[in-house]
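# Coordinate analysis (summary)
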Amino acid sequence: VDVVGRSIDSTTDLVRDEETPEATRAKLDRIADEVLARLLAENPDAARAFEVSAGYAAFDMRRISIFPLSAGYGRGVAVSLPEGARTYMQMGTGGAGAAFGIGGFASQFVIMFETPTDFERFVENGYDASADAGAMHGDERTTTEVQFTEGRSFFVLSKTGWRVNANASGTRYWKDEDLN
C-alpha cells in the first residue's frame, strides 16, 4: 500500500499548479523537453518519426491500480513543428479489470503526429483513444519504416525501454484551459 501512497504523492506533485501559470508552463515544458530528448536519444525509430512529423505531444502520467480498478492522470505539452507553438494538455485514463494487484505507476510517453491536420485535430478536440495500435518492442519489429496509425505514433517508456505504437485505449486528452 506504500506504493500507492507514493504514487498519490507523485500525482499530487504532477497536477499541482505552481504559484503562477508561467511557472506551471515552465515546469511542463521542462518535463516534456526531457521526455522528448530521452526518447530521441534512446530510440532510432522515434528519431526518424520526429524528422517527418508535423508535431508531437509529450506527457508525464501517474496511474494507480487497486484490483480490479485502474485510473490515471497526466499533463503534457503538444508542440507543432517546425514553428514550436505550444498547447498545454491534460489526460486521463481508467477502467475496470485493467490491472492485477495494488500499485502505483509512473509513465512517460510521446505521441507524434503525421500531418498538420492530425496535430490540429488532437489539440483542438483532444480525443478518446479507443483503438489498440498493438505493441511493438525494439527488435521484435520486422520493418524499420516509421509507422503512423490513424495519423499518430505512440512511444511509451516502459521498464524495458521505449515501446512503439503502444496501446492507448481508454485514454482521453483535452486542453488545459487554465494554461492556454
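Up top is the structure these notes are about.
Presented here is a report on the structure given in the accompanying data block. (Residues numbered from 1 in each chain as written. Predicted model: local features only at pLDDT ≥ 70, side-chain atom pairs only at ≥ 80, totals over all residues. Heavy atoms only, no water.)

### Topic: the pattern of salt bridges
In plain terms, the rule: Only one rule defines a salt bridge in this text: a Lys or Arg side-chain nitrogen within 4 Å of an Asp or Glu carboxyl oxygen. For helices the rule is a DSSP run of H or I covering at least 4 residues; for strands it is a run of E covering at least 2, with both sets numbered from the N terminus onward. Burial classes: relative accessible area under 20% of the type maximum marks a residue as buried, over 50% as exposed, and values in between as partly exposed (1.4 Å probe, protein chains only).
Tallied over the entire structure, the rule returns 10 salt bridges. Of the charged contacts in the structure, one is a salt bridge between Glu34 and Arg30, with a shortest N-O distance of 3.7 Å. Linking Glu34 with Arg30, this pair stays in helix H2 (residues 21-42), spanning 4 residues, or about one helical turn. The exposure class assigned to Glu34 is partly exposed, which follows from its relative accessible area of 48%. Taking the shortest distance from any N to any O, the salt bridge between Asp33 and Arg86 comes out at 3.0 Å. With Asp33 in helix H2 and Arg86 in strand S3 (residues 86-96), the pair connects residues that are 53 residues apart, well separated along the chain. Shared partners join several salt bridges into a network, and the residues in it are Asp29, Asp33 and Arg86.

### Describing H2
The cut-off we apply is this: One less than the residue count of a helix, multiplied by 1.5 Å, gives the span that helix is expected to have.
A rise of 1.5 Å per residue sets the reference length of H2, with its 22 residues, at 32 Å; its end C-alpha atoms lie 32 Å apart and thus fit the reference within 8%. Where H2 is concerned, the buried positions are Thr24, Lys27, Leu28, Asp29, Ile31, Ala32, Val35, Leu36 and Leu39.

### A few points about the packing of aromatic side chains
So the rule is basically this: For this analysis, a ring pair means two rings from Phe, Tyr or Trp (six-membered ring only for Trp) whose centres lie within 6.5 Å, classed as stacked if their planes differ by under 30 degrees, edge-to-face if by over 60, and tilted for the remaining angles.
Following the criterion strictly, the structure yields 8 aromatic pairs and no others. Geometrically, the ring pair formed by Phe50 and Tyr56 is tilted, given 5.8 Å between the ring centres and 55 degrees between the ring planes. Classification of Phe50 as partly exposed rests on a relative accessible area of 23%. A relative accessible area of 4% places Tyr56 in the buried class. Taken together, a centroid distance of 4.9 Å and an interplanar angle of 40 degrees make the contact between Phe113 and Phe122 tilted. As far as burial versus exposure is concerned, Phe113 and Phe122 are alike and both buried.

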